[in-house]
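Chains, contacts and geometry: an overview
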Amino acid sequence: MKNADAVIQEKRAGQAFGRQAPVFDTIYGSDRIVQYKRKRVRDHVEQWLRPGSHILELNAGTGEDAIYFAQKGHRVHATDISTGMLEILAKKVEEKGMSAQVTNACCSFTNLEALEEKGPYDYLFSNFAGLNCTGNIHKVLSSFEKLVKPGGYITLVVLPRFCLWETLLLLKGKFRTAFRRWSGKTGTKAKVEGLPFRCWYYQPATITRALQKDFDKIALEGLCTLVPPSYIEGFAEKHPRWFQRLVKWEDKWKRHWPWRSTGDYYILTLQRKEFS
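Description of the structure in this document. (Residues numbered from 1 in each chain as written. Predicted model: local features only at pLDDT ≥ 70, side-chain atom pairs only at ≥ 80, totals over all residues. Heavy atoms only, no water.)

1. So, unusual backbone geometry
Our working rule: What counts as a helix is a DSSP run of H or I of at least four residues, what counts as a strand is a run of E of at least two, and both are numbered from the N terminus. Using a 1.4 Å probe on the protein chains alone, a residue whose accessible area is under 20% of its type maximum counts as buried, one over 50% counts as exposed, and one in between counts as partly exposed.
In the segment running from glycine 119 into proline 120, the intervening peptide bond is cis, with an omega of 5 degrees. For proline 120, the location among the structural elements is in the loop between strand E3 (102-106) and strand E4 (121-126). The omega angle of the peptide bond from tryptophan 257 to proline 258 is 0 degrees, so this bond is cis rather than trans. Positive phi, normally seen in glycine, also occurs at phenylalanine 128, with a value near 50 degrees. For phenylalanine 128, the position within the fold is in the loop between E4 and helix H5 (137-142). Since its relative accessible area comes to 22%, phenylalanine 128 is described here as partly exposed. The backbone phi angle of alanine 129 is positive, close to 70 degrees, even though this residue is not glycine. Mapped onto the fold, alanine 129 is located in the loop between E4 and H5.

2. What to know about the sheet that holds strand E1 (residues 54-58)
Put simply, the rule reads: One bridge is not enough; two strands pair if DSSP finds at least two bridges between them. Axis geometry follows a simple rule: fit a line to the C-alpha atoms, using only the stretch in contact for helices, then measure angles between N-to-C directions, giving values from 0 to 180 degrees. Contacts: residue pairs with any heavy atoms within 4.5 Å of one another.
A sheet is described by the order of its strands in space; here 7 strands give the open sequence E3-E2-E1-E4-E5-E9-E8, paired in mixed fashion. Whereas interior strands pair on both sides, the edge strands pair on one side only; in this sheet they are E3 and strand E8 (215-223). When the angles between neighbouring strand axes are averaged without regard to direction, this sheet yields 15 degrees. Sheet topology places strand E2 (residues 75-80) next to E3; 5 bridges connect them, and they run parallel. The partner of threonine 79 across the bridge, within E3, is alanine 105. Where helix H3 (residues 64-71) meets the sheet, its contacts fall on E1, E2, E3 and E4, and the angle it forms with E2 comes to roughly 175 degrees. Its contacts with the sheet put helix H4 (residues 83-95) on E2 and E3, and the angle it makes with E3 is roughly 165 degrees.

3. Examining the packing of aromatic side chains
Rules: Between rings of Phe, Tyr and Trp, where Trp is taken as its six-membered ring, a pair exists when centres lie within 6.5 Å; planes separated by under 30 degrees are stacked, by over 60 edge-to-face, and by other angles tilted. Each ring is checked for a lysine NZ or an arginine CZ that lies within 6 Å of its centre and within 35 degrees of its normal; such an atom marks a charge sitting over the ring.
Within the structure shown, the criterion is met by 11 aromatic pairs. Both rings, one in phenylalanine 24 and one in tyrosine 28, keep their centres 4.9 Å apart while their planes meet at 55 degrees; by these two values the pair is tilted. In this pair, phenylalanine 24 and tyrosine 28 both sit in helix H1 (residues 3-28), 4 residues apart, roughly one turn of the helix. Note on tyrosine 68 and phenylalanine 69: the rings are 5.2 Å apart at their centroids and 80 degrees apart in plane angle, and the pair reads as edge-to-face. A single burial state applies to tyrosine 68 and to phenylalanine 69, both of which are buried. Here a set of aromatic residues connected by ring pairs shows up, and it is made of Trp48, Tyr123 and Tyr153. Note that arginine 180 overlies the ring of tyrosine 231, its terminal NZ or CZ placed 5.7 Å from the centroid. Taking NZ or CZ as reference, arginine 245 lies 5.1 Å from the ring centre of tryptophan 242, over its face.

Next up, the structure:
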């Protein structure tokens, strides 16, 4: 994708999520599957997060994760392209008296070289498919080496090109949704709060190959592979026993093939090589 087109699409995504920012936490905050996803991601990160780490968060949104990790004793520099999201984040941080622990900057992840706070950081973190909002993923990944300390970590939560649950929507005749991840280089049309933009889907191998010179892959697990995606509304409330069973089964199989890369998301963690 041409750089100018990529910038336009990222700005559109930023505007769309900025419009959603005032209601984002209301829509998603109490959803049981969203809560499950957040806990899974945080538990994963905390396996490698050293005490008192300095974290760079990409696409930080309204700051739910930034504040969580700050409350655990870490410092977080939260970035997002959406000024609307960052306004909500900054308000939360001020209300909690955490301005010393959580800073923020409006910055596209395709322009990370423009960050004033360049680190290097102990941990780089991107949750819930923020990186799927760019068609220029290799430019994003190429900036990580300078931002992460030797021995430091990266955790990325990304939408893959195949999702078992979405493919099963073929049985309901929802062909567009079932095949939307197979769009290739042109991306897939998306819409938030009435504003259109495009998104792209990336396999774990795409990311690990791009980073292999400077980073080693240390963990890959599927998220919402057996547990339904959160857009299947009300599943956990309507089927609590099945929900608990699926949580248990997913926890058992999350790092095994094929489940580690066929969920709604995957969680990928890499470690910066000491010498590269």
